[in-house]
Every structure is written in structure tokens, then in C-alpha cells.
Amino acid sequence: MRLDEPGLERWGERIGSTIQAPVVIALEGRLGAGKSVLARAIGHGAGVEVPMPSPSYNLLLRYPASVQVDVVHIDLYRIGSPDELWELGWSQLGEGNEIVLVEWAAQAEGFMPDDHWIIGLTVPEDELLLRDIEVRRMGHPPELPAFPMSVSVG
Ligand SMILES: Nc1ncnc2c1ncn2[C@@H]1O[C@H](COP(=O)(O)OP(=O)(O)O)[C@@H](O)[C@H]1O
Ligand SMILES: [Mg+2]
């Protein structure tokens, strides 16, 4: 599936507003692929009303999204080694009522929880304003909403 930026944002907002927490979603793709764009859209869909800056230095930023749900936005690009995961409170992630969004989840090596989604974003060679989206289910995470067919491209 190929989406333009507004289409990706609409889909992300729908994920945030409909998904059943707790859930863990890994966002994959090279720098500039749109991982943070999608993370922000999911956060805003879940009810986060403040800006969501990139967690590339803090590694983890937590936002109350609604009375019950927190959005946890993680970016592991700069993590030195998986040991640092435990300082982030990694062992409890996704146990409470949280939507956990992990950029560069591959840096967590084998430490992702059994049940999670992987959303891969790639820039097509000839279409720099579109993103190819691939969704993979690991274990049994709660259902993701379907793509917004009305705004998809290609
Ligand atoms: N279809 C698209 N989906 C997402 N981002 C897009 C799209 N087209 C262009 N962009 C641009 O690509 C960039 C993605 O940046 P960002 O989300 O920070 O990437 P990442 O977090 O993967 O490094 C933004 O500048 C955004 O405006
Ligand atoms: Mg990013």
C-alpha cells in the first residue's frame, strides 16, 4: 500500500483513536521514512494534544493521551547497547494501558515483547512524496484498523 503524507496521517490518527491499549508498534524505515510522522499521528489520534518532538535524545517521551491511556514514543536510534533499555523502564513497557511506539526497534535486538506490530515505511525510488507501507503482525497484538482506502494513492 502506498500513501501520501496526509493519507499516512489519517491512517495513523485512526490507529490512535481505535486501537485497544496496551499495544506495542515498531516503526521501521530509514531516516526520513516517516516513522515520526506516523508516531505523531497515532499519538494525536489517541488524544495527545501537545506537540510530540522527536525523542532522539531523550530516547523515551511519555504523554497522557486520555484518562486511561498513555502514549509512549521511543526512538532507539542513539541507544548505545541493549543494556540501556532497562534504564528506560523497558521491562514494564506495554504492560499498563499504553500505546508504545518504537522507532528503530531493531536496536532492541531480541527484547521486543512477543506481541507487537511492525509497520515498515519505504520511500519509492521514483515517488519521493509517497511511502510504501508494509504491516507485519508478531504474536497476537490487538487489531489495527484497515488502511484509509479513500485517501490511498497508487
Ligand atoms: N508520504 C509521506 N509520509 C510521511 N512523510 C512524508 C511523506 N512524504 C514526505 N514526507 C516527509 O518525510 C519526512 C519524514 O520525516 P520523519 O517522520 O521525521 O522520518 P523518520 O522518523 O522516519 O526519520 C517529513 O519531512 C515528511 O514531511
Ligand atoms: Mg524519527
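Below: a short report on this structure. As the structure is a computational prediction, the values presented were derived from the model and not from experiment.

Some words on unusual backbone geometry
For residues besides glycine, phi is generally negative; the peptide bonds are generally trans as well.
Next, step 1: Following Ala-21, the chain continues to Pro-22 via a peptide bond in cis, the omega torsion being 0°.
Next, step 2: Tracing the chain through its elements places Pro-22 in the loop between α1 (5–18) and β2 (23–28).
Next, step 3: Positive phi values are uncommon outside glycine, yet Leu-59 reaches one of about 70°.
Next, step 4: Mapped onto the secondary structure, Leu-59 falls in the loop between α2 (35–46) and β3 (60–64).
Next, step 5: Using a relative accessible area of 9% as the deciding quantity, one classes Leu-59 as buried.
Next, step 6: With phi around 55°, Trp-104 is a residue other than glycine that occupies positive phi space.
Next, step 7: Judged by its relative accessible area of 23%, Trp-104 falls in the partly exposed class.

Topic: the coordination of the magnesium ion (ligand 2)
Next, step 1: Protein-derived ligands of the magnesium ion (ligand 2) are Ser-36 (OG) and Glu-103 (OE), with the metal-ligand distances lying across 2.2 Å. Of the two residues, Ser-36 is situated in helix α2 and Glu-103 in strand β5 (residues 98–103); the sequence distance between them amounts to 67 residues.

Side note on the sheet that holds β5
Next, step 1: In space, the seven strands of this open sheet follow the order β1-β7-β6-β2-β5-β4-β3, with mixed pairing throughout. A single partner strand is all that each edge strand has here, and the edge strands are β1 (2–4) and β3. Strand-to-strand twist in this sheet, taken as the mean axis angle between neighbours without regard to direction, amounts to 25°.
Next, step 2: Contacting β1, β2, β5, β6 (116–122) and β7 (130–138), α1 crosses the sheet at an angle of about 100° to β1.
Next, step 3: Lying on the sheet, α2 is in contact with β2, β4 (70–75), β5 and β6; it crosses β5 at an angle near 170°.

Cut-off values and rules
- Residues numbered from 1 in each chain as written.
- Chains lettered and ligands numbered in written order.
- Predicted model: local features only at pLDDT ≥ 70, side-chain atom pairs only at ≥ 80, totals over all residues.
- Heavy atoms only, no water.
- Helix = DSSP H or I, 4+ residues; strand = E, 2+ residues; numbered from the N terminus.
- Buried < 20%, exposed > 50% of the residue type's maximum accessible area, 1.4 Å probe, protein only.
- Donors = N, O, S within 2.8 Å, 3.2 Å for Na, K, Ca; no water.
- Pairing = 2+ DSSP bridges.
- Axes fitted to C-alpha atoms, helices over the stretch in contact; angles between N-to-C directions.
- Contact = heavy atoms within 4.5 Å.

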